[in-house]
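# Commentary on secondary and tertiary structure
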Amino acid sequence: QVQVVESGGGLVQPGGSLRLSCVASNSDPRICSVSWYRQAPGKERELVASMSNTGTPNYDASVQGRFAISRDRTRNTAFLTMNNLQPEDTAAYYCQIYCWRIGTFWGQGTQVTVSS
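In short, a report on the structure. (Residues numbered from 1 in each chain as written. Predicted model: local features only at pLDDT ≥ 70, side-chain atom pairs only at ≥ 80, totals over all residues. Heavy atoms only, no water.)

Using the criterion set out here, one finds two disulfides in the structure. Each disulfide pairs two cysteine sulfurs, and for C32 the partner residue is C99, the sulfurs being separated by 2.0 Å. Across the S-S bond of C32 and C99 the torsion is about 110 degrees, and the bridge reads as right-handed. Here the residue C32 occupies a position in strand β4 (residues 32-39), and C99 occupies one in strand β9 (residues 91-99), the gap between them amounting to 67 residues. According to the relative accessible area criterion, C32 is buried, its value standing at 1%. C99 sits in the buried class, given a relative accessible area of 0%. Going through the protein in sequence order and numbering each bonded cysteine, the pairs you get are 1-3, 2-4. (Disulfide = S-S within 2.5 Å. Helix = DSSP H or I, 4+ residues; strand = E, 2+ residues; numbered from the N terminus. Buried < 20%, exposed > 50% of the residue type's maximum accessible area, 1.4 Å probe, protein only.)

The subject of this paragraph is the pattern of salt bridges. Per the counting criterion, the structure on display carries five salt bridges. Residue E46 is joined to R38 by a salt bridge in which the shortest nitrogen-to-oxygen separation is 2.7 Å. D72 serves as the salt-bridge partner of R75, at 2.8 Å between the closest nitrogen and oxygen. One salt-bridge network, held together by shared partners, links R38, E46, R66 and D89. (Salt bridge = Lys/Arg side-chain N within 4 Å of Asp/Glu carboxyl O.)

This is a description of form; function is not addressed.
Here is the structure:
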């Protein structure tokens, strides 16, 4: 069973930066991909960024050029570095781990609030 824990959320002013972390215990990065989703109040959960087990990143157009997804395979940790944050980025951010032939696992989420 893979356990997923996010951290790093908080309150930041517009234009600021945050780095979210996602620790996926008992996961094998060779067969697991990682994705970051976010959900704002009253809206559906949406995919923000993902990275395949081979390290290929993909981004939603709304965050392209501002957000960067990365992985530290030695520590089973993924990161989402968010720059130039805007109020519309305010949401709960969730890490999802998908492991081939094992399943999909979610963290509990971490809140990001962008406000002056």
